[in-house]
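Coordinate inspection notes
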Amino acid sequence: MARAQRPIYLDYAATTPVDPRVIDRMAGFLGVEGLFANPSSVTHAPGRAARAAVEEARHEVAALIGARDREVYFTSGATESNNLAWRGLAASRRDRGCHLVTSRIEHASVLDTARALEAEGFRVTYVPCNREGRVEPERVREALTPETLLCSVMHVNNETGVIQDIAAIGGLCRDRGIPFHVDAVQSAGKLPIDLSELPVDLMSFSAHKVYGPKGIGALYVRHDPGLVLEPLIRGGGQERGLRAGTLATHQIVGLGTAFRIAREEGEADAARIRQLRDALWERLSRLDQVHLNGGGAPRACGHLSASFNAVNGESLIFFLGNLAVAQGSACSSARGEPSHVLQAMGLSPGEAESTLRITLGRFTTPEEIEIAAERIIQAYTRLAAIAPGSGRRHAG
Ligand code: PMP
């Protein structure tokens with residue numbers, strides 16, 4: 001595709017391109033000349049070499065998050081990790097109670113699992129967030145009961161980038177002996193995570209938000225004899241029986257390489273991305289009736305959720321041409337519903353629908369941000385001028 005025609009990709013929270021260094025490494029595990037052997041076939045040298053590569057990748061994941069290697073289990077992605085954390089724990093602790101706690105702003109892979117468990121007789125408390133998108137630890141404390149089996153709160157929200165205080169929430173759970181699960185899909189590689197310090201028992205990861213391939217993720221399970229998960233998938237006993245199925249070596253080494261690069265370069269990446277993001281907002285904030293969602297809360301480096309209240313979001317996206325941005329999250333937009341996250345923050349359905357989620361990443365350039373700013377300002381100003389009840393001035 002010619003450079004001029006290629007979309008300007010500003011949807012990194014939905015997925016990232018795979019880093020060329022990751023692609024190079026993965027390619028070595030597929031073909032006849034490569035290490036394609038089954039990592040469970042340890043009777044021969046190729047199998048043992050594939051096993052060693054899998055264990056090296058496990059170590060890279062553990063190193064990024066301050067975990068021990070044996071606490072990392074490979075899954076097909078964070079959807080599976082979230083399902084495994086919730087269902088695995090609910091099944092193994094059914095005799096201890098039937099209550100679970102989460103927030104209203106979780107990803108669908110948590111919320112849909114919660115609803116399914118409700119249909120099976122569990123009780124779930126959905127803790128609200130405040131107007132800035134923060135889940136206040138005090139509200140979580142009020143929700144915890146002696147029957148609570150699990151508390152689950154995400155680290156960084158995929159729509160707003162707002163960072164939750166997982167240290168404080170985890171501390172409340174730890175004091176009560178309640179396992180604490182964190183969906184860290186949007187924070188891994190962007191914020192420091194040290195599980196040797198954090199009071200977190202289960203944490204979900206995905207490779208394709210960290211410049212790795214889609215279809216591979218991990219679940220961290222704290223090494224604690226009291227923390228037992230029932231497997232969702234049974235079979236050949238891989239991943240010490242927690243997740244059966246032939247290990248996808250190329251995917252796993254892709255995840256490991258992506259996490260290694262994140263450990264080595266994540267901090268510098270984050271500083272550069274934050275600068276670009278803030279420069280973009282500086283331009284957009286001069287427009288009338290444009291509101292930054294979660295602007296008063298700590299946010300991860302790449303997210304910008306802005307409501308363009310004078311116009312309709314779909315029309316705005318239409319006029320943005322080849323600018324690839326999201327209206328809410330990829331998952332909620334697939335369902336065609338206004339974002340549950342923005343509505344939990346107090347936005348009306350109309351305000352939620354007039355919101356763009358712009359997310360930047362490793363490959364975003366200052367030139368792309370310049371073009372994006374121009375294009376959004378132009379489209380918004382034109383649309384606002386013809387919107388019913390207009391007559392306001394729009395600066396750029
Ligand atoms: N949690 C969050 C916060 C996410 O953003 C996503 C991906 N959109 C997921 C979970 C699901 O991850 P995966 O695509 O690896 O299943």
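Note that the structure is a prediction, hence the values are computed from the model and not measured. (Residues numbered from 1 in each chain as written. Predicted model: local features only at pLDDT ≥ 70, side-chain atom pairs only at ≥ 80, totals over all residues. Heavy atoms only, no water.)

**Quick look at the overall build of the protein**
Within the protein one finds twelve helices and twelve strands. For 396 residues, the compact-globule estimate of 2.2 N^0.38 gives 21 Å, and the protein sits close to it at 22 Å. Counting every position in the protein, which comprises 396 residues, the buried fraction comes to 54%. Long-range pairs, those at least 24 residues apart, make up 73% of the contacts in the protein with a sequence separation of at least 6. Of the roughly 16500 Å² that the protein leaves accessible, carbon and sulfur atoms contribute 52%. Side chains of the protein give 44 positive and 45 negative charges; the mean places of these two sets differ by 1 Å. (Helix = DSSP H or I, 4+ residues; strand = E, 2+ residues; numbered from the N terminus. Rg over C-alpha atoms; globule rule 2.2 N^0.38 Å. Buried < 20%, exposed > 50% of the residue type's maximum accessible area, 1.4 Å probe, protein only. Contact = heavy atoms within 4.5 Å. Areas by Shrake-Rupley, 256 points an atom, 1.4 Å probe, with all protein chains shown as cover. Lys, Arg positive; Asp, Glu negative; His and termini not counted. Charge placed at Lys NZ, Arg CZ, Asp CG, Glu CD.)

**Some remarks on the pairing of strand β5 (residues 148-152)**
Burial within β5 is extensive, with five of its five residues counted as buried. When strand β3 (residues 99-103) meets β5, the two strands line up parallel, connected through four bridges. Looking at the pairing, His-99 lines up with Thr-148 of β5. Pairing geometry for β5 and strand β6 (residues 180-183), over two bridges, is parallel. (Pairing = 2+ DSSP bridges.)

**Concerning the nonpolar core**
Counting residues in each nonpolar core, the largest one holds 50 residues, and the members touching the most others are Ile-65, Cys-151, Phe-180, Met-203 and Phe-205. Element by element, the count of residues in this core is highest for helix α2 (residues 45-65), at six residues. Structurally, this core is a two-domain feature, drawing no fewer than three residues from each of domain 1 (8-15 + 266-385) and domain 2 (20-261). Beyond its immediate stretch of four places on either side in the chain, Phe-205 contacts Ile-65, Gly-77, Ala-78, Ser-81, Ala-184, Val-185, Ala-188, Ile-193, Gly-217, Ala-218, Tyr-220 and Phe-259. Formed by 35 residues, the second largest nonpolar core is a distinct cluster that contains Leu-10, Leu-287, Leu-316 and Ile-369. (Core = buried A, V, L, I, M, F, W, Y, C linked by side-chain atoms within 4.5 Å. Domains from an automatic or database assignment.)

**Regarding the side chain of Lys-209**
Residue position: Lys-209 is located in the loop between β7 (202-206) and β8 (217-221). Here Lys-209 occupies a buried position and makes no salt bridge, while the nearest side chain of opposite charge, Asp-11, is found at 8.0 Å. A polar contact is formed between the side chain of Lys-209 and the backbone oxygen of Ala-13, at a distance of 2.9 Å. Setting aside anything within four residues of it in sequence, one finds Lys-209 in contact with Ala-13, Ala-14, Thr-15, Thr-16, Val-185, Gln-186 and Lys-190. (Salt bridge = Lys/Arg side-chain N within 4 Å of Asp/Glu carboxyl O. Polar contact = N/O pair within 3.5 Å; in protein donor to acceptor, adjacent residues only side chain to side chain.)

**Details of the sheet that holds β8**
Taken in spatial order, the seven strands make up an open sheet running β2-β8-β7-β6-β5-β3-β4, and their pairing is mixed. The open sheet has two free edges, formed respectively by β2 (72-75) and β4 (123-127), since each of these has just one partner strand. Strand-to-strand twist of the sheet, defined as the mean angle between neighbouring strand axes without regard to direction, takes the value 20 degrees. In this fold α2 packs onto β2, β7 and β8, with an angle of close to 115 degrees to the strand it touches most, β2. Against the sheet, helix α3 (residues 78-92) touches β2, β3, β5, β6, β7 and β8, its axis set at about 160 degrees to β7. (Axes fitted to C-alpha atoms, helices over the stretch in contact; angles between N-to-C directions.)

**Digging into the side chain of His-303**
In this structure, His-303 sits in strand β10 (residues 303-308). His-303 gets classed as buried once you look at its relative accessible area, which sits at 3%. Filtering out sequence-adjacent residues up to four positions away, His-303 remains in contact with Ala-13, Val-156, Asn-157, Asn-158, Glu-159, Thr-160, Gly-161, Gln-186, Arg-277, Ile-358 and Thr-359.

**Some words on the domain arrangement of the protein**
Often, the extent of an interface is quoted as the loss of accessible area upon association of its parts. Assigned domains within the protein: domain 1 (8-15 + 266-385) and domain 2 (20-261). Using C-alpha coordinates to define each centre, domain 1 is positioned 28 Å away from domain 2. Taken residue by residue, the interface counts 34 residues in domain 1 and 30 residues in domain 2. For the domain 1 and domain 2 pair, buried surface summed over both sides reaches about 2600 Å², with 55% attributable to carbon and sulfur atoms. On the domain 1 side of the contact with domain 2, His-303, Met-345 and Arg-362 bury the most area, a combined 22% of that side's loss. Viewed at the interface, domain 2 and domain 1 are joined by zero salt bridges. With four residues, the single largest contributor to the side of domain 1 that touches domain 2 is helix α10 (residues 340-344). Looking at the side of domain 1 that touches domain 2 residue by residue, the class counts come to 15 nonpolar, 15 polar and four charged. (Buried area = accessible area lost by both parts, 1.4 Å probe. Nonpolar A, V, L, I, M, F, W, Y, C, P; charged D, E, K, R; others polar.)

**Comments concerning the pattern of salt bridges**
If you walk through the whole model with that rule in mind, you get 24 salt bridges. Here Arg-21 ties to Glu-265 by a salt bridge, and the two come within 2.7 Å at their closest N and O atoms. Linking Arg-21 in helix α1 (residues 20-27) with Glu-265 in helix α7 (residues 249-284), this pair joins segments that are 244 residues apart in sequence. Overall, Glu-265 belongs to the partly exposed group, its relative accessible area being 27%. Taking the shortest distance from any N to any O, the salt bridge between Arg-283 and Glu-374 comes out at 2.7 Å.

**Considerations on the site of the ligand**
Taken together, 14 residues are adjacent to the ligand, and Thr-79, Asp-183, Gln-186, Ser-206 and His-208 come closest. One of the side-chain nitrogen or oxygen atoms of Ser-206 is found 2.6 Å away from an oxygen atom of the ligand. His-208 places a polar side-chain atom, nitrogen or oxygen, 2.9 Å from an oxygen atom of the ligand. (Near = heavy atom within 4 Å.)

**Observations concerning empty space enclosed by the protein**
Applying the stated criterion to the full structure yields one cavity of 30 Å³ or more. Around the largest cavity, the lining comprises 22 residues; the ones closest to its centre are Lys-190, Lys-209, Tyr-211, Ile-273 and Cys-301. Ranked by residue count, the leading element in the lining of the largest cavity is α7, at five residues. For the lining of the largest cavity, a count of residues per class yields ten nonpolar, eight polar and four charged. Counting residues domain by domain, the lining of the largest cavity receives three or more from each of domain 1 (8-15 + 266-385) and domain 2 (20-261). (1 Å grid on protein atoms, 1.4 Å probe; cavity = no way out; pocket = protein on both sides within 12 Å on 5 of 7 lines; lining within 4 Å. Points joined across faces, edges and corners; volume = space filled by probe spheres on them.)

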